[in-house]
Amino acid sequence: MPAPDSFTDLLALASEGARQADEEGVLSLAMAIAPGDPMALLPHLEGGDSFRFLWDGAPGLCIAASGRTNSLELSGPRRFELAQRFASASLNRLAGAQVACPPLARPRVLLAFGFFDAPLDTSVAAIPGVQAVLPRWQLSRHGQHCWLRLQRPLGGGVTARSLAEELWEKARELERHSHASAASATVAVALRTPWQENYRQAAAQALELVEGGALQKLVLAVRQQLTLSAQPDPLGLLAPLRRHQGGSCRLLWQRCAGSALIGASPERLLTVRQGQLRSDALAGTAPADERAASLLHSTKDRLEHELVVDTITAVLSRAGLNPRRPRHPRLARHGQLVHLHSPISACLGRQQPLAIAAALHPTPAVAGLPRREAMAWLRNLEPFERGHYAAPIGWIDSAGDLDLRVAIRSGTVEGRQLELTAGAGLVPGSAVDRELQEVALKLGVLQQQLNLPQPTRLAGPA
């Protein structure tokens, strides 16, 4: 049956889907609507709970989603495997998901992993090893094509007709707001906490490990706390990143009201399209000025980059794939920063995409080498939970396509508090002062791109 052009068509689709649904089935309906900006329209998607998600790849694929129809939260070493099972079961159980809809409109399970298998923190607020959500509302746009999808279990007063009416009414509401644009938050930084001295001490210890041969590389991160002048809308903080981080994917993961992960990730852990996968090696950083070209000739940065390329290639080879990589890295600009970049591709074959993601995470670009020893030292040297920082965030759809970005250039908003995290890779030949400057550059650039002006008072050096 073709995509619905009228309410009568939509009701027919809903009725046919309801006939196909089993006792635990979820009815999934979608329709094309007038193109609007998913970032601007997300506040109009009321999903029945506080969960919100944004994947803003403009001018590429953009997805806004809200509400939980099915969800999973767990920790432990099998989290990628169990997330794959949950996604497959949730998507396979959908009834009424039209075959005629384009790829951008496919139903998706949204995924947010923690950096570690499990948090050390046992509180309710701790970030679990994985969160997976089949959303109630999903709004997708690519170019001038825009689709709205609604997914709800039948029963308890929810019928095929009521679902069709709910989708039709929401589509008309969103079309009335289709010309709206996302507004930037107007807040200032009232207080910044110092981080330099703690980082200097930890980096000196990490460099001893690297120079002594205990580790080949360690990516040490810092976290800076910012107190803002008012509680911001996380979407308002994300809006200016479109102008400043055009080559990145802007991300929002709001697990509960008042707390949200925001970021603009330049790094692809794993993308799968029609059975072809791609992973990015992104390591080596310089300001986007006359110093950028020096990355290609920097012994330290080339070593750091090659460790990432070689590791990703080896992981894919051990999985039975035949990875392809360029002979030399290229420069990739993301806002005011430039990185060494090598895209690595392969045919996925019969492998499960999240099994490959499990093998890849974390790459040496965000953890270190050897991986197990580096992860243990990060727990020891970083005085905070990484949570979502440098972990995979993204989605998997009903055709098995997947996109996972690494949550760097990111922060967590909770009330008036904004926590920003950034790191730098230590390898033989690194210098603590240079790595400190790189971390300061990343933190400073992100604050500038979030449109956060200089503070009115400081708790220490910015």
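Residues numbered from 1 in each chain as written. Predicted model: local features only at pLDDT ≥ 70, side-chain atom pairs only at ≥ 80, totals over all residues. Heavy atoms only, no water.

(A) Layout of the overall build of the protein. Broken down by element type, the protein carries 11 helices and 20 strands. Here the C-alpha atoms of the protein give a radius of gyration of 22 Å, agreeing with the 23 Å that 2.2 N^0.38 yields for 462 residues. Considered along the principal axes of its C-alpha atoms, the protein spans approximately 70 × 55 × 45 Å. The burial tally for the protein puts 57% of its 462 residues in the buried class. (Helix = DSSP H or I, 4+ residues; strand = E, 2+ residues; numbered from the N terminus. Rg over C-alpha atoms; globule rule 2.2 N^0.38 Å. Buried < 20%, exposed > 50% of the residue type's maximum accessible area, 1.4 Å probe, protein only.)

(B) How the structure looks around the packing of helix H5 (residues 196-211) against helix H11 (residues 432-449). At a minimum axis distance of 10 Å, the contact between H5 and H11 shows a crossing angle of 130 degrees. In terms of axis orientation, H5 runs oblique to H11. In the crossing of H5 with H11, the sense of the turn from one axis to the other is right-handed. Here Gln196, Tyr199, Arg200, Ala203, Ala204 and Leu207 of H5 lie close against H11, whose contacting residues are Val432, Asp433, Glu435, Leu436 and Val439. Of the residues contributing to the contact of H5 with H11, the split by class is seven nonpolar, one polar and three charged. (Axes fitted to C-alpha atoms, helices over the stretch in contact; angles between N-to-C directions. Parallel < 35°, antiparallel > 145°, perpendicular 65-115°, else oblique. Left-handed = near helix turned anticlockwise from the far one by under 90°. Contact = heavy atoms within 4.5 Å. Nonpolar A, V, L, I, M, F, W, Y, C, P; charged D, E, K, R; others polar.)

(C) View of the side chain of arginine 108. With respect to the secondary-structure elements, arginine 108 resides in strand E5 (residues 108-113). Put simply, arginine 108 is tucked away with no salt bridge, and the nearest opposite charge, on aspartate 397, sits 4.2 Å away. Here arginine 106 takes part through its backbone oxygen, which lies 3.0 Å from a polar atom of the side chain of arginine 108. For arginine 108, the contacting residues outside a window of four places in its chain are Leu61, Ile63, Leu91, Pro103, Val133, Leu134, Pro135, Gln138, Ser140, Trp395, Ile396 and Asp397. (Lys, Arg positive; Asp, Glu negative; His and termini not counted. Salt bridge = Lys/Arg side-chain N within 4 Å of Asp/Glu carboxyl O. Polar contact = N/O pair within 3.5 Å; in protein donor to acceptor, adjacent residues only side chain to side chain.)

(D) Summary view of unusual backbone geometry. The amide bond that connects alanine 58 to the next residue, proline 59, takes the cis arrangement and shows omega of 15 degrees. In this chain, leucine 369 is followed by proline 370 through a cis amide linkage whose omega measures -10 degrees. Tracing the backbone shows proline 370 in the loop between strand E16 (368-369) and helix H10 (371-381). At alanine 390, a position not held by glycine, the phi torsion is positive, near 65 degrees.

(E) Highlighting the environment of leucine 167. Position of leucine 167 among the secondary structure elements: in helix H4 (residues 160-176). With 137 residues separating them in the primary sequence, leucine 167 and glutamate 304 have C-alpha atoms 50 Å apart. Leucine 167 has contacts with Leu10, Leu29, Ala30, Met31, Trp137, Leu148, Arg149 and Leu150, leaving out every residue within four places of it along the chain.

(F) A look at the packing of aromatic side chains. According to the stated counting rule, one finds seven aromatic pairs in the structure shown. Ring centres of phenylalanine 53 and tryptophan 253 lie 5.8 Å apart, and the angle between their planes is 85 degrees; this geometry places the pair in the edge-to-face category. Taken together, the positions of phenylalanine 53 in strand E2 (residues 52-56) and tryptophan 253 in strand E10 (residues 249-256) put the pair 200 residues apart, joining distant regions of the chain. In terms of burial, phenylalanine 53 and tryptophan 253 fall into one category: buried. An aromatic cluster is defined as three or more aromatic residues linked by ring pairs; in this entry it consists of Phe51, Phe53 and Trp253. One Lys or Arg, arginine 386, reaches over the ring of phenylalanine 115 and ends 4.4 Å from the middle of that ring. (Phe/Tyr/Trp six-rings, centres within 6.5 Å; stacked < 30°, edge-to-face > 60°. Lys NZ or Arg CZ within 6 Å of the ring centre and 35° of its normal.)

(G) Summary view of the packing of H5 against H10. H10 packs onto H5 with a crossing angle of 155 degrees between their chain directions and a minimal axis gap of 11 Å. As far as their axial angle goes, H10 and H5 are roughly antiparallel. Considering how the two elements wind past one another, H5 and H10 form a crossing that is right-handed. Contact residues: H5 offers Ala202, Gln205, Ala206 and Leu209, while H10 offers Trp377, Asn380 and Leu381. When grouped by side-chain class, the residues that make up the contact of H5 with H10 number five nonpolar, two polar and no charged.

(H) Main features of the pattern of salt bridges. Counting across every chain of the model gives 30 salt bridges. Residue aspartate 401 pairs with arginine 106 through a salt bridge whose shortest N-O separation is 3.1 Å. Placement of the pair is aspartate 401 in the loop between strand E17 (392-397) and strand E18 (402-406) and arginine 106 in the loop between strand E4 (94-95) and E5, with a sequence separation of 295 residues. Salt-bridge contacts for arginine 200 lead to aspartate 433; the nearest nitrogen and oxygen are separated by 2.5 Å. Here aspartate 433 lies in helix H11 and arginine 200 lies in helix H5, a separation of 233 residues in the sequence. Through salt bridges that share partners, Asp37, Asp56, Arg242 and Arg250 make up one connected network.

(I) Summary view of H10. Among the residues of H10, Ala374, Met375, Leu378 and Leu381 are the ones counted as buried. Down the axis of H10, the smallest arc covering the buried residues is 135 degrees, so these residues share one side. Counted as exposed and oriented over 90 degrees from the buried face of H10: Arg372 and Asn380. Structurally, H10 contributes buried residues whose contacts are with H5, strand E9 (217-228) and E16. (Arc of directions from axis to C-beta.)

(J) Representation of the environment of arginine 291. Structurally, arginine 291 can be placed in the loop between strand E13 (276-287) and helix H8 (299-318). Spatially, the C-alpha atom of arginine 291 lies 40 Å from that of proline 128, the residues being 163 residues apart in sequence.

(K) Fine view of the side chain of threonine 363. Checked against the element boundaries, threonine 363 lands in the loop between helix H9 (353-360) and E16. Beyond its immediate chain neighbours, meaning those up to four positions away, threonine 363 contacts Glu267, Leu269, Val308, Ile312 and Gly368.

(L) Seen up close, the environment of aspartate 49. Relative to the elements of secondary structure, aspartate 49 occurs in the loop between helix H2 (38-41) and E2. For the pair aspartate 49 and alanine 257, spaced 208 residues apart in sequence, the C-alpha to C-alpha distance is 8.7 Å. Those residues in contact with aspartate 49 that sit more than four places away from it in its chain are Gly67 and Arg68. Engagement of the side chain of aspartate 49 in a polar contact is seen with the backbone nitrogen of phenylalanine 51, the distance being 2.9 Å.

These results come straight from atomic positions and should not be treated as a statement about function.
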